[in-house]
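In case you want the letters, here they are:
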Amino acid sequence: MPRRPLEPAPGTSETALRRSSLVQLVIQGVLGVMVFSPLLLGGDDDLDVVRLWLLAIWATAFVALIVQFRALGSWRSDPVRDDETILWGTSAVLVRPTGGLGHGGRFSLSNHRLRYTPGPVARLRGATAQEWSAESLTGAHVTPSTGRSWTSGRWAVIDREGGDAVTLVSTEPRAVADEIDQVVRERLRH
């Protein structure tokens, strides 16, 4: 049975983020097998508790990477209205206008709105879903961060007409900003 194509097709940022996450998964998986198989097969009873704690920490980190990898395309499953088409999406961190730590989650851009859905950890920290009218978006660019967190990173800033910019942190800020800017300028302005 042929697979249904992803709509919209993965962009440069999603492809790069998937590749990066997959590399992390492979490296952590290989290292886990190399490190923990001799430890689990070893015979020193004094280290059994330490081995189990190390294995639990590794397993937790590995599961977190799997969740992160699966979340990259999760924006495609966001519910849409009858007259709405999703044009772009990503997983990123929403930077609060007041600065400080941001909230991880997913973004989806449709012909009607830019939507932020917080991830599970962000929801536990009090983050709520937000959306902005697509008509108010004027473009996107990359800027060096100026906040206390991620001071060496670069942020993708989505400019809005008549409101505060929407700022997000991604490991692919240039590709994210370029893709948002292209969608805003080409598809939403026609």
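Just so we're clear, the structure is a prediction, and the values are computed from it rather than from any experiment. (Residues numbered from 1 in each chain as written. Predicted model: local features only at pLDDT ≥ 70, side-chain atom pairs only at ≥ 80, totals over all residues. Heavy atoms only, no water.)

A. Geometry of the overall build of the protein. Helix and strand counts for the protein stand at four helices and seven strands. Listed by position from the N terminus, the elements making up the protein come as α-α-β-β-β-α-β-β-β-β-α. Across the 190 residues of the protein, 41% fall into the buried class. In the protein, of all internal contacts separated by at least 6 residues, the share reaching a separation of at least 24 is 49%. Only carbon and sulfur atoms are counted for the fraction: they give 59% of the accessible area of the protein, which is about 11,500 Å². (Helix = DSSP H or I, 4+ residues; strand = E, 2+ residues; numbered from the N terminus. Buried < 20%, exposed > 50% of the residue type's maximum accessible area, 1.4 Å probe, protein only. Contact = heavy atoms within 4.5 Å. Areas by Shrake-Rupley, 256 points an atom, 1.4 Å probe, with all protein chains shown as cover.)

B. Summary view of the environment of Pro-10. Tracing the backbone through its elements, the reader meets Pro-10 in the segment before helix H1 (12-41). Along the chain, Pro-10 and Gly-73 lie 63 residues apart, while their C-alpha atoms are 8.5 Å from each other. Leaving out residues up to four positions away in the same chain, Pro-10 has contacts with Thr-15 and Arg-76.

C. Main features of the environment of Val-80. With respect to the secondary-structure elements, Val-80 resides in the loop between helix H2 (48-71) and strand E1 (86-95). Since its relative accessible area comes to 40%, Val-80 is described here as partly exposed. Taking C-alpha positions, Val-80 is 8.6 Å from Ser-110, a pair spaced 30 residues apart along the chain. Excluding anything up to four places from it in sequence, Val-80 contacts Ile-86, Arg-113 and Arg-115.

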